[in-house]
There are 2 protein chains.
Amino acid sequence: MARAYNFNAGPATLPEEVLLKAQKEFLDFEGSHMSVMELSHRSKEYSKVHDKASALLRELMEIPPDYEILFLQGGASLQFSMVPMNLLDRNHGASYILTGSWSEKALKEAKKVGPVEIAASTKESGYHAIPPLEDIHWKQETSYVHLTSNNTIYGTQWQEYPQTGQVPLIADMSSDILSKKIDVSRFGLIYAGAQKNLGPSGVTVVIIRKDLIKHDDSLPTMLSYETHANSKSLYNTPPTLAIYLLSLVLEWAKDQGGVSQIEKNNQQKAKLIYDAIDESNGFYTGHASLESRSHMNITFTLPSSELTEKFLQEAGDAGFIGLSGHRSVGGCRASIYNAVPVEHCLILAEFMKKFQKTNS
Amino acid sequence: MARAYNFNAGPATLPEEVLLKAQKEFLDFEGSHMSVMELSHRSKEYSKVHDKASALLRELMEIPPDYEILFLQGGASLQFSMVPMNLLDRNHGASYILTGSWSEKALKEAKKVGPVEIAASTKESGYHAIPPLEDIHWKQETSYVHLTSNNTIYGTQWQEYPQTGQVPLIADMSSDILSKKIDVSRFGLIYAGAQKNLGPSGVTVVIIRKDLIKHDDSLPTMLSYETHANSKSLYNTPPTLAIYLLSLVLEWAKDQGGVSQIEKNNQQKAKLIYDAIDESNGFYTGHASLESRSHMNITFTLPSSELTEKFLQEAGDAGFIGLSGHRSVGGCRASIYNAVPVEHCLILAEFMKKFQKTNS
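What you see is a predicted model; the values in this text were computed from it and never measured.

Rules used throughout
- Numbers given for residues are sequential positions, taken from 1 along each chain in its written order.
- To label them, take the chains in the order written and letter them from A, then take the ligands in the order written and number them from 1.
- A pLDDT threshold of at least 70 governs which residues receive local features in this predicted model, and a stricter bar of 80 or more applies before side-chain atom pairs are shown or counted, although totals over entire chains, interfaces and linings include all residues.
- Only hydrogens and water are removed before side-chain values are computed, so all heavy atoms of the structure are retained for them.
- Going along the chain from the N terminus, every DSSP run of H or I of four or more residues is numbered as a helix, and every run of E of two or more is numbered as a strand.
- Our radius of gyration is a C-alpha quantity, and the globule rule it is checked against amounts to 2.2 Å times the number of residues to the power 0.38.
- For each residue, the accessible area found with a 1.4 Å probe, counting protein chains only, is set against the maximum for its type, and the residue is called buried under 20%, exposed over 50%, and partly exposed in between.
- Note on contacts: a residue pair is in contact if any heavy atoms of the two residues lie within 4.5 Å.
- Residue-level accessible areas treat just the shown protein chains as cover; the underlying method is Shrake-Rupley with a 1.4 Å probe.
- Residues scored as positive are Lys and Arg, those scored as negative are Asp and Glu, and His as well as the terminal groups of each chain are ignored.
- Positions of charges follow a simple convention, taking NZ of Lys, CZ of Arg, CG of Asp or CD of Glu.
- Angular values range over 0 to 180 degrees, each being the angle between N-to-C directions of two axes fitted as lines to C-alpha atoms, with helices fitted over their stretch in contact.
- Note on angle classes: values under 35 degrees are labelled roughly parallel, values over 145 roughly antiparallel, values of 65 to 115 roughly perpendicular, and the remainder oblique.
- Residue type decides the class: Asp, Glu, Lys and Arg count as charged, Ala, Val, Leu, Ile, Met, Phe, Trp, Tyr, Cys and Pro as nonpolar, and the leftover types, Gly among them, as polar.
- At least two bridges found by DSSP between two strands is the condition for calling them paired.
- Alignment of copies: least-squares fit on C-alpha atoms of residues with pLDDT of at least 70 in both copies.
- Buried area: the accessible area, evaluated with a 1.4 Å probe, that two parts lose upon being put together, summed over both parts.
- Throughout this description, a polar contact denotes any pair of N or O atoms lying within 3.5 Å of each other; where both atoms belong to protein, one of them has to be capable of donating a hydrogen while the other can accept it, and for residues adjacent in sequence the pair is counted only when both atoms sit in side chains.
- Stacked, edge-to-face and tilted are the three classes for Phe, Tyr and Trp ring pairs, Trp counted by its six-membered ring, which pair at centre distances within 6.5 Å; planes under 30 degrees apart are stacked, over 60 edge-to-face, the rest tilted.
- Here, nonpolar core means buried Ala, Val, Leu, Ile, Met, Phe, Trp, Tyr and Cys residues that are tied together by side-chain atoms lying within 4.5 Å of each other.
- How far a helix is expected to stretch is found by multiplying one less than its residue total by 1.5 Å.

Engineer: If you had to explain the overall build of chain A to someone new, which residues and values would you point to?
Structural biologist: Looking only at helices and strands, one finds nine helices and 14 strands in chain A. A compact globule built from 360 residues would reach a C-alpha radius of gyration of about 21 Å, and chain A, at 21 Å, matches this within 12%. Viewed in the frame of its principal axes, chain A has a C-alpha envelope of about 65 × 55 × 30 Å. Across the 360 residues that make up chain A, the buried fraction comes to 64%. Long-range pairs, those at least 24 residues apart, make up 66% of the contacts in chain A between residues at least 6 apart in sequence. Summing over all exposed atoms, chain A offers an accessible surface of approximately 13,800 Å²; the carbon and sulfur share of this is 49%. Here chain A carries 34 positive and 41 negative side-chain charges, and the mean point of each set is 2 Å from the other.

This is the structure:
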């Protein structure tokens, strides 16, 4: 069975090996005569799955022992609220770096909790770039500095993170977690919806430095990081099927050679498509500034909206999925998360060249 | 492949037909060459799934048009907070009926939001019963009356609901939704985690009367019912795989003959096991009062803790899963949600009789 050329921005393609394994044991998980989703979340069998997902993520991302790994629900959108509810000191406020719609949404939720400042923004230039590190400023006593590590809509990605010293750096890594090596110890908290690089939608990973986990009885129990840290993410029934699939994706990532090999693959994949743009003599125009280009979401337009339309139409006819830009910005976007095969990127690059030849 | 005798309290057994169908199309949903969880949540293909789940639930439960159906995340535990955050008027407070641990947890979260009163409680008698309707009292101006329709831990279930008139009645139906006919128009809001009668864990169904959906900018966006009602539960990426499985479970329920036939099956299943208790001359003792017995969770003990232990041991050896009582109360519990086959209940009843014969 051929797999679709799936360039969806998320939910996105998953490794075929993961789907085949899950399919095979769908009615009989490890000889239990039950599906993994029919196991009690308090059972030994499920605990193994849950713990394996956590241990593999720790190994792959080299997460230090003074960090907790939580499996939550509600997506990054709920983290937009949980982060300030748990970490924003109303006397000191918090600092947000705006690099796109998702950081704006994070800021909007923080404003409901306490004072915020904008540490930097590239909104005026249409979010085509990540701000230079020297242009980012925050109050010394701020509760934290928040950034979005990769901007799915605009196709930009941080290449280097600000040094925030004693101030916790918090990152929404929904769209580039596990795609390249990062030094977790530079961050106070990292969060990510799973549906791009980690698994299906329905589970959110939070990696939090333990000293940032505080007791606060006034918070809704489910919105307190302490609740989930104290119960190993088993305070209430977790999304067991999604966590199981996450564990399979992490196994697959390890089999690929871990994050450093995945990073190389992603560089190769991105180069194939960026080269098709850069060698097109202006037929394709990338949205992102060169120095801010994302290796996860490649955004581009054609010389006219008619040609963009025609490109998307013919790409769809040729079996490419998900190449339309986000409804808020239009144009084209190829999302090439970890599970998108190199071969599919090659086929897309060839398609782009052929389309250019017959349409310029 | 034989299926396990799965009496888990949740996550629980799912219909074999559902698992087989999901397995079959796991890598190729309706000719898309993609798994359903690889579809964009904004795609036509996924929209069909999403809308089908909603339409089937409306049809099966006969949900009137002035109610919205929402698919959320976070389980009933997050609803414990969302209900008061959205509906508790701090000037009037809210009223809670306590029938077990889950209603206590709901009350605890409401207390963080505003004043609460206890409209009735059977805590003193060990939660062995649902309070008689005439013993339930609430202030006329209360924001709502909250109850837990079925108590998984104690094995009790409401047979008849209080008439609350103009006051919205709110029910946590996590463990008996879709198990029997109910008149939705009697309720202001119904919520249920899916992992007992509706599907896998990771999706929560909320059925809310439209006039109760209010605009409140101070709420975290993700915790406002208005957000999800306005966006057809697509404000952010929903748990698409869990909603797809929910749609298959609902199809299965319809194929069974709908809720009235499912209710009859559940009565038959419960009778098999309650008869084994009642005809045991006191060898098995039910926890719940006769008039409050649950058709979903049957709780019982044996003459001594040694015999209870031996029963659970031998039941485990015989292939029964999930018969231990909740860790907070001990004893035995058979959870017989919609997808547990009559045959499995018959086999359990026979096992109970045989065990009694050789141990009394």
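From this point, the narrative continues.
Engineer: Summarise the packing of helix α7 (residues 258-278) of chain A against helix α9 (residues 342-359) of chain A; cite the residues concerned and give the values.
Structural biologist: A packed helix pair is summarised by two numbers, namely the angle formed by the two axes and the spacing between the axes. All names here are of chain A. Packing of α7 against α9 brings their axes to within 9 Å, and their N-to-C directions diverge by 0°. What the angle tells us is that α7 and α9 run roughly parallel. Of the residues in α9, those touching α7 at Gln268, Lys269, Leu272, Ile273, Ala276 and Ile277 are Val342, Cys345, Leu346, Leu348, Ala349, Met352 and Lys353. Looking at the contact of α7 with α9, its residues break down into ten nonpolar, one polar and two charged.

Engineer: Explain the side chain of Thr221 of chain A residue by residue, including any values.
Structural biologist: With respect to the element layout, Thr221 of chain A can be found in the loop between β10 (204-209) and α5 (225-230). By relative accessible area, which is 9% here, Thr221 of chain A ends up buried. Discounting residues that sit within four places of it in the chain, Thr221 of chain A has contacts with Thr227 and Tyr235 of chain A together with Lys108, Glu109 and Lys112 of chain B.

Engineer: Requested: an account of the sheet that holds strand β11 (residues 285-286) of chain A, with residues and values cited.
Structural biologist: All names here are of chain A. Pairing within the open sheet is antiparallel, and its three strands lie in the order β11-β12-β14. Looking at which strands have only one partner, the edges of the open sheet turn out to be β11 and β14 (332-335). Pairing between β11 and strand β12 (residues 297-301): two bridges, direction antiparallel. Among the inter-strand pairings, Gly286 is bridged to a residue of β12, identified as Phe300.

Engineer: Break down the relation of the copies chain A and chain B for me, with residues and values.
Structural biologist: Overlay of chain A on chain B (RMSD 0.0 Å): rotation 180°, translation along the axis 0.0 Å. Both copies of the chain, as the preceding transformation shows, are related through a two-fold rotation axis. Counting the interface residues of chain A, we find that 100% of their copies in chain B are interface residues as well, pointing to one common contact surface.

Engineer: Go over the interface of chain A and chain B with me, naming the residues and quoting the values.
Structural biologist: Interface size is often expressed as the accessible area that is lost when the parts come together. Taken together, the contact between chain A and chain B spans 62 residues of the former and 62 residues of the latter. Carbon and sulfur atoms make up 58% of the surface buried where chain A meets chain B, a total of about 4,900 Å² over both sides. Applying the counting rule to chain A against chain B returns 33 residue pairs in polar contact (both at pLDDT 80 or more). If you list the elements that add at least two residues to the side of chain A that touches chain B, you get α1 (16-24), α3 (75-87), α4 (101-111) and α6 (240-255) of chain A. A per-element tally of the side of chain A that touches chain B places α1 of chain A first, with six residues. Considering only residue class, the side of chain A that touches chain B consists of 27 nonpolar, 23 polar and twelve charged.

Engineer: Please give an account of the packing of aromatic side chains that cites residues and values.
Structural biologist: All names here are of chain B. Evaluation of the coordinates by the stated rule reveals 33 aromatic pairs over all chains. With centroids separated by 5.8 Å and ring planes inclined at 70°, the aromatic side chains of Tyr96 and Tyr144 adopt a geometry described as edge-to-face. Of this pair, Tyr96 sits in strand β3 (residues 94-98) while Tyr144 sits in the loop between β4 (116-121) and β5 (145-148), and the two are 48 residues apart along the sequence. Here the two residues Tyr96 and Tyr144 agree in accessibility, since each one is buried.

Engineer: Tell me about the environment of Trp252 of chain A, residues and numbers included.
Structural biologist: All names here are of chain A. Of note, Trp252 is situated in helix α6. Overall, Trp252 belongs to the buried group, its relative accessible area being 11%. On a C-alpha basis, the gap between Trp252 and Ala339 in space is 9.5 Å, while along the polypeptide they are 87 residues apart. For Trp252, the contacting residues outside a window of four places in its chain are Pro15, Glu17, Val18, Asn338 and Ala339.

Engineer: I'd love a proper account of the nonpolar core, names of residues and values included.
Structural biologist: Ranked by internal contacts, the top residues of the largest apolar core, which has 124 residues, are Ile207 and Leu245 of chain A together with Ile207 and Leu245 of chain B. Residues within four places of Ile207 of chain B in sequence aside, it is in contact with Leu57, Met61, Ile63, Tyr67, Glu68, Ile177, Val184, Gly188, Leu189 and Ile190 of chain B. Tyr127, Ile153 and Ala229 of chain A together with Ile208 of chain B belong to the second-largest nonpolar core, a separate cluster that totals 66 residues.

Engineer: Give me α6 of chain A: which residues, what numbers.
Structural biologist: For α6 of chain A, built from 16 residues, the straight-helix expectation of 22 Å at 1.5 Å per residue is met to within 8% by its first-to-last C-alpha distance of 23 Å. Phi turns positive one or two residues past the end of α6 of chain A, at Gly257 of chain A, with a value near 115°.

Engineer: Tell me about the sheet that holds strand β11 (residues 285-286) of chain B, and name the residues and values.
Structural biologist: All names here are of chain B. Strand order in the open sheet formed by three strands is β11-β12-β14, and the pairing between neighbours is antiparallel. What marks the edges here is a single partner per strand, and that holds for β11 and β14 (332-335). The pairing of strand β12 (residues 297-301) with β14 spans four bridges and is antiparallel. From the neighbouring strand, Phe300 faces β14, where its bridge partner is Cys332.

Engineer: Lay out the side chain of Gln356 of chain A with the relevant residues and their values.
Structural biologist: With respect to the secondary-structure elements, Gln356 of chain A resides in helix α9. According to the relative accessible area criterion, Gln356 of chain A is buried, its value standing at 15%.

Engineer: Describe unusual backbone geometry, naming the residues involved and giving the relevant values.
Structural biologist: Residues apart from glycine generally show negative phi values, whereas peptide bonds are mostly found in trans. Residues and elements named next belong to chain A. Of note, the amide linkage connecting Gly10 to Pro11 takes the cis form, showing an omega dihedral of -5°. Mapped onto the elements, Pro11 comes out in the loop between β1 (5-6) and α1. Despite not being glycine, Lys232 has its phi angle at roughly 50°, a positive value. Of note, Lys232 is situated in the loop between α5 and α6.

Engineer: Could you give an account of α7 of chain A, naming the residues involved and the relevant values?
Structural biologist: Given 3.6 residues per turn, any residue in an α-helix points the same way as the ones three and four places further on. Residues and elements named next belong to chain A. Given a rise of 1.5 Å per residue, 21 residues ought to cover 30 Å, and the 30 Å separating the end C-alpha atoms of α7 matches this to within 8%. Turning to α7, its buried residues are Gly258, Val259, Ile262, Asn266, Lys269, Ala270, Ile273, Tyr274, Ala276 and Ile277. Looking at the packing, one finds that the buried side of α7 touches α2 (44-61), α6, β11, β12, β14 and α9.

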